[in-house]
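Fold and geometry: a report
Chain by chain, the residues run as shown.
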Amino acid sequence: MAEKTKRRNSRYDAKRKPSKPSSHWFRNTVFRVFVVCSFLLFCFLGYLDYNVREQFEGKRWAIPARVYASPVELFAGQNIANGKFEELLQRLNYRLDSQLKTEGSYTKKDQHIIVKTRAFDFWDQREPSRMLAVNFSESAVVNVMDLALAKEVAIVRMDPVLIGSFYPAIKEDRILIKLEETPDILIKGLLASEDRDFYNHIGISFRGIARAIMANIKAGSLVQGGSTITQQLAKNFYLTPERAIWRKIREIFMALILEFRYSKHEILEAYLNEIYLGQDGGSAVHGFGLASEFYFGTALKDLNLEQVSTLVALVRGPSQYDPRRYPDRSVERRNLVLDEMANLGYITVEQANQAKQKPLTILPRPHVAKNRYPGFLDLIKRQLKQEYREEDFTSDGLRIFTTLDTQIQDTLEQTISNKLRQLEKSSRAKDLETAVVVTRRDSGEIAALSSAREEKASGFNRALDALRPIGSLIKPVVYLTALQYPNKYSITTRVSDTGITVNLPNGTTWSPKNYDHREHGNVSLLTALAKSYNLATVRVGLDVGVARTAKTLKEMGITREVDLFPSLLLGASSLTPIEVTQMYQTLAGDGFLTPIRGIRAVVAESGKRLQSYPFIVRQAVDPSATYIVNTMLQEVMRRGTGHTAYMEFPKDYGLVGKTGSTNDAKDSWFAGYTGDYLSVVWLGRDDNKPIGLTGAMGALQVWTALMKQISKQPATLIPPDNITTAWVDPVNGLLANKACKGAKEYPYLPGSAPTAYSTCGQEIIEQDKSWFDDLFTE
C-alpha cells in the first residue's frame with residue numbers, strides 16, 4: 001500500500017514538474033517587458049528633458065524687429081494744427097481721457113491739448129513721461145508748457161509711431177516682461193482663475209482637477225479647467241493645440257520636468273510671456289505685455305483692475321472671449337474672474353463689484369502696425385541686410401528707428417491717388433504707375449517713399465528697382481561737367497542749338513532732335529538748360545566728353561555702370577528713382593555728397609545701440625559750379641519747362657528743378673527741391689507703353705501738388721566765396737551796364753565772366769516767347 005502511494009505521489013510529482021518552467025517563462029517575459037518599457041520610458045523622458053532644457057534655457061522666443069517712424073518733435077512755431085496733432089495722438093493710440101490717469105492719454109479744449117506722454121527709450125536717450133499743455137494757433141504750435149515744471153519748454157520729442165515689424169517664419173509677436181515688473185493684481189487674477197495651487201503642486205494638481213470637475217458640474221458649464229499653469233506653459237511652449245491623449249501625456253511629463261528643472265518664478269515669468277491671447281491679422285499676440293497694448297493701447301503697469309481681469313479672462317479662450325467681437329462674453333468672463341479673486345481674498349467684494357460696473361475700454365482698432373508702408377519697409381530691410389543676417393534682424397527683437405515722416409508719407413499717398421486720377425481723366429494716359437522719393441534736403445534722410453500707385457504688402461518696388469531712361473534729368477550733369485572748365489564755359493556762353501549728326505562706332509549715325517523739332521540757333525548755356533534743348537546739350541556734352549560726363553555722374557553718387565554712348569547725354573541710360581534722388585541730392589547739397597538713408601539707429605532688445613547711421617557728407621563736385629547749375633535750374637522753374645509750378649507757389653520761393661521725358665513719352669520725370677525737401681517723381685506704365693505726358697505735363701503736376709503741402713521753406717542759394725557776379729546782356733552774352741535794357745546779373749567762376757562790352761538797347765528775343773511755347777518745350 002505504501003508502495004502504491006509512493007508511486008501515486010511520484011506520478012503527481014511528475015505532472016507538477018512541467019509547471020515550473022512555465023512560471024519562470026512568464027515571470028521572465030514580464031521582467032523583460034518591464035525592462036524594455038522602463039528603458040523606453042527613460043529614453044522618452046530623456047528626450048523630453050532635452051527638448052525642455054534646449055528651448056527653455058536657450059533662445060526661448062523669436063522676437064520680431066519693430067520698425068519706428070521718425071518721432072514728432074514739438075516746439076513753438078512748428079507747422080502743425082491741433083487737428084493734425086490729435087490725429088497723430090490717435091495714431092499713437094493715445095486715449096481721450098479728461099482725468100489723464102495713465103501715460104498715453106490726452107484731453108482737449110478749444111485751441112490747446114493737454115497730453116500725458118509715454119516714456120520711451122530712444123537710441124540716444126530716454127525720454128521721460130511728461131504732462132504737457134500744447135497751445136495752437138490755426139496752423140501752428142504757439143508754445144509747449146511742461147505742467148509739472150510750470151514752465152515753457154523749447155522742444156519735446158514724442159514717442160514714435162510703430163510703422164511695422166519684420167517677422168520670422170512663424171508670425172508671433174510679444175513684448176517681453178519681467179515677473180518683478182508685473183502688476184501683483186495680474187498674478188493674483190491668474191492664480192485665482194487658472195491655478196490656485198500653483199505654488200504647492202509638482203506640475204499637475206489632482207486637487208485642482210477634482211475642484212474643476214465639481215465647479216463645472218455645479219455651474220452646469222465649463223467654468224474651470226484642470227490644467228495647471230505649468231501644463232498650460234508646456235502646451236503653449238512645446239506642443240501643438242491638437243486634442244489627443246498622446247499630446248496630453250507629453251504635456252503632463254513636460255510639466256513634471258519643468259517643475260523639476262526650474263523655479264516657480266521662472267515658470268510663471270515664461271508663462272506670462274508665452275500665453276496666446278489673441279490674433280492681430282496674420283500675427284499671433286502672445287504674452288500679457290503685448291496684449292496690454294493690443295487691447296488697451298497702454299503699458300501693462302498702467303492697467304486698472306477691470307482691464308487686468310479682462311486680459312485674464314482671455315486665457316480661457318482668446319477667440320471665444322475676444323472683447324472686440326464678443327463684448328458680452330468678455331464682460332461675463334471678466335466678472336467671473338473678479339468673483340474668483342474676491343472669494344480668495346485677493347480683492348474685496350466691494351472692489352469686485354465696482355470693477356464689474358465698469359464698461360470695457362478696449363481700443364476700437366488693433367494697436368500693432370500692419371506694415372502700412374511696404375515700399376519704405378522694403379528699403380529698410382534691404383539696408384539691414386547689408387549689416388545683419390535676415391534670421392537675426394527678424395528674430396532678435398531689434399528696434400529700428402527710421403527717418404520716415406508718417407504725415408508726409410500719408411500726404412504723398414493721398415496726392416498720388418488724387419493727381420493720377422486727374423491726369424487719366426484729362427489726358428490719354430491710362431493705367432499710370434508711379435514712384436516717388438522725398439528726402440530732407442539738409443541731411444539726405446528719406447522722409448517718404450512710394451513704390452506704387454497703391455502700396456501693397458508685396459509687389460514690385462518701383463522706387464528701388466524700376467530701371468527707366470531718365471531723359472532730360474541728365475542735362476544738369478552735362479552742364480555741371482562743362483562748368484568745371486571755366487576757361488571755356490560759363491552760364492552765358494553761347495552754344496549752337498542746330499542739327500548735328502554723330503558717327504557711331506558700329507558704322508551707323510545718330511541725329512538727335514529737339515522736342516519741338518526746331519533749331520534755335522546760338523543760345524546761352526542758361527537758356528539751353530532752361531528750355532531743355534537737346535541739340536545744344538549734345539554739342540556741349542560731346543565737347544567735354546561723354547566719359548567725363550559719366551565720371552561726374554559717378555561723383556554725384558551713381559554707382560551703376562552706364563554705357564558711354566552719345567545718347568547718354570540725353571538720358572538714354574536707365575536709373576531707378578532712388579538713384580536719381582541720390583544724384584539730385586548732391587545738387588541740393590551744393591556739390592557735397594550725402595548718402596540718402598532710411599535708418600537712424602538699430603537698438604538691441606536689451607537697449608544697447610548696435611548700429612548708428614550718422615550724417616556723412618563729403619565734397620563730390622565743385623561747389624561753385626554746382627551753385628551756378630542750381631541757379632540755372634531756378635531759371636528752369638521761372639521761365640523754362642517747370643514754370644507752371646509757380647501757379648501754386650509764391651514767385652520768390654526759389655524753386656529748383658528739372659523736368660525729364662523720354663522718347664515716345666513713355667516716362668515722365670521731375671526732380672526738384674525747395675528749402676526743406678527734395679522730391680523725385682516718376683510716372684509711366686509697367687508695360688512700357690507711351691503715356692503721352694511730358695515731365696511738365698505729368699510728374700511736375702504730382703511734384704507741385706505734393707510740395708505745396710509739405711514744404712515750408714523757400715530755397716535760398718548761398719554763393720561760395722569765389723563766385724563773382726556781372727551784369728550781362730543776355731542777347732549776346734557780353735558785359736552790360738546795369739541801366740541797360742534787359743541786362744541781368746549772373747554768377748561766374750573766377751576768370752569766366754565776359755570781358756567785352758555790349759551796346760545797350762538790343763531786344764531779348766528769348767523772353768518774347770509765349771508761355772504756350774514754354775509749356776510744350778522739353
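Refer to the structure above for everything that follows.
Now for a look at the structure at hand. Here the structure is a predicted model, which is why all the values come from computation and not from measurement. Sequence order as written defines residue numbering, which begins from 1 separately in each chain. Only residues with pLDDT of 70 or above have their local features reported here, since the model is predicted, and side-chain atom pairs are shown and tallied only from 80 upward, although totals for entire chains, interfaces and linings are computed over all residues. Side-chain figures throughout are based on the complete set of non-hydrogen atoms in the structure, without hydrogens or water.

Next up on the list: the overall build of the chain. Each helix and strand in the chain was counted, giving 24 helices and 34 strands. The contacts in the chain between residues at least 6 apart in sequence include a share of 69% that link residues at least 24 apart. As displayed, the chain has an accessible area near 36,000 Å², and 53% of this comes from carbon and sulfur atoms. A run of H or I in DSSP becomes a helix once it reaches four residues, and a run of E becomes a strand once it reaches two; helices and strands are each numbered from the N terminus. What makes two residues a contact is simply this: any of their non-hydrogen atoms within 4.5 Å. Residue burial considers only the protein chains on display, and all accessible areas are found by Shrake-Rupley using a 1.4 Å probe.

What follows deals with the nonpolar core. Each nonpolar core is a collection of buried residues, namely Ala, Val, Leu, Ile, Met, Phe, Trp, Tyr and Cys, held together in the definition by side-chain atoms within 4.5 Å. We call a residue buried when its accessible area falls under 20% of the maximum for its residue type, exposed when it is over 50%, and partly exposed in between, using a 1.4 Å probe and counting protein chains only. Counting residues in each nonpolar core, the largest one holds 138 residues, and the members touching the most others are F85 and W703. With eight residues, the single largest contributor to this core is helix 22 (residues 623–639). A192, F237, Y262 and L300 belong to the second-largest nonpolar core, a separate cluster that totals 49 residues.

Looking now at the pattern of salt bridges. Any Lys or Arg side-chain nitrogen found within 4 Å of a carboxyl oxygen on Asp or Glu counts as a salt bridge. Inspection of every chain in the model, using the stated rule, returns 37 salt bridges. For D146, the salt bridge is made with R130, and the minimal N-O distance between the two is 3.9 Å. Of this pair, D146 sits in strand 9 (residues 141–146) while R130 sits in the loop between strand 7 (126–127) and strand 8 (131–136), and the two are 16 residues apart along the sequence. A salt bridge links E635 to R638, with the shortest nitrogen-to-oxygen separation between them at 3.6 Å. Here E635 and its partner R638 are both found in helix 22, three residues apart, which amounts to about one turn of the helix. R638 gets classed as partly exposed once you look at its relative accessible area, which sits at 45%. What you see here is one network of salt bridges that share partners, running through R440, E445, R597 and R600.

Our focus in this paragraph is the side chain of T481. In this fold, T481 is placed in helix 17 (residues 475–483). In this structure T481 touches V544, R548, T549 and T552, once residues within four positions along its chain are discounted.

What follows concerns the sheet that holds strand 3 (residues 95–96). Paired strands, in this sense, are two strands between which DSSP finds at least two bridges. Overall, mixed pairing links the six strands, which are arranged 3-4-5-8-9-10 in an open sheet. The strands lining the two open edges of the sheet, one partner per strand, are strand 3 and strand 10 (151–152). Inspection of the sheet shows strand 5 (residues 112–116) paired to strand 8 by five bridges, in the antiparallel sense. Bridging across to strand 8, H112 finds its partner in N135. Whenever a helix is involved, its axis is fitted only over the stretch in contact; in every case the axis is a line through C-alpha atoms, and angles between N-to-C directions fall within 0 to 180 degrees. With respect to the sheet, helix 3 (residues 82–91) is in contact with strand 4 (105–109), strand 5 and strand 8, its orientation differing from that of strand 5 by roughly 20°.

Along an α-helix, residues three or four apart share an orientation, since each turn contains 3.6 residues. For helix 10 (residues 305–314), the tally of buried residues reaches 10 of 10 residues, placing the bulk of the element in the interior. For helix 10, the set of buried residues is L305, E306, Q307, V308, S309, T310, L311, V312, A313 and L314. Tucked into the core, helix 10 has its buried residues touching strand 3, helix 4 (184–194), strand 14 (276–280), helix 9 (288–296), helix 11 (327–343) and helix 12 (349–356).

Looking now at the packing of helix 10 against helix 11. Packed helices, taken two at a time, are described by the angle their axes make and the gap between the axes. Two elements in contact, helix 10 and helix 11, have axes separated by 8 Å at closest approach and are oriented at 105°. Between helix 10 and helix 11, the angle falls in the class roughly perpendicular. Touching L305, E306, S309, T310, V312 and A313 of helix 10 are S330, R333, R334, V337, L338 and M341, all from helix 11. When grouped by side-chain class, the residues that make up the contact of helix 10 with helix 11 number six nonpolar, three polar and three charged. For this classification, under 35 degrees means roughly parallel, over 145 means roughly antiparallel, 65 to 115 means roughly perpendicular, and everything else is oblique. Any residue that is not Ala, Val, Leu, Ile, Met, Phe, Trp, Tyr, Cys, Pro, Asp, Glu, Lys or Arg is counted as polar, Gly included; the first ten are nonpolar and the last four charged.

The backbone of D590 shows a phi angle near 60°, a positive value even though the residue is not glycine. Locating D590 in the fold gives a position in the loop between helix 21 (577–588) and strand 25 (592–593). Taking relative accessible area as the criterion, D590 reaches 33% and is therefore assigned partly exposed.

Now for the environment of P64. Counting through the fold element by element, P64 comes out in the loop between helix 2 (19–57) and strand 1 (65–68). You can call P64 buried: its relative accessible area is 1%. The sequence separation of P64 and S165 amounts to 101 residues, and the corresponding C-alpha distance is 6.2 Å.

A few words now on the packing of helix 11 against helix 12. As a packed pair, helix 11 and helix 12 sit with axes 9 Å apart at the nearest point and diverge in direction by 170°. One finds that helix 11 runs roughly antiparallel with respect to helix 12. Residues R334, N335, L338, D339 and A342 of helix 11 form the contact with helix 12, whose participating residues are V349, A352, A355 and K356. Grouping the constituent residues of the contact of helix 11 with helix 12 by class yields five nonpolar, one polar and three charged.

With that settled, the discussion passes to the side chain of H286. Tracing the chain through its elements places H286 in strand 15 (residues 283–286). Since its relative accessible area comes to 6%, H286 is described here as buried. A 3.5 Å cut-off defines polar contacts: any pair of N or O atoms within that distance qualifies, except that in protein one atom must be a possible hydrogen donor and the other a possible acceptor, and neighbouring residues in sequence count only when both atoms are side-chain atoms. One polar contact links H286 to R174, side chain to side chain, over a distance of 3.3 Å. Not counting residues within four places of it along the chain, the set of residues in contact with H286 comprises E172, D173, R174, I175, N273, E274, I275 and Y276.

Any two rings among Phe, Tyr and Trp, with Trp reduced to its six-membered ring, count as a pair given centres within 6.5 Å; such a pair is stacked if its planes are under 30 degrees apart, edge-to-face if over 60, and tilted if neither. Here the structure, examined in full by the defined rule, presents 13 aromatic pairs. Relative to F401, the ring of Y68 lies with its centre 5.4 Å away and its plane at 20°, an arrangement referred to as stacked. Separated by 333 residues along the polypeptide, Y68 in strand 1 and F401 in strand 16 (residues 399–402) bring together distant segments of the chain. Across the pair, exposure class does not vary: Y68 and F401 are buried alike. Geometrically, the ring pair formed by F120 and F401 is edge-to-face, given 6.1 Å between the ring centres and 90° between the ring planes.

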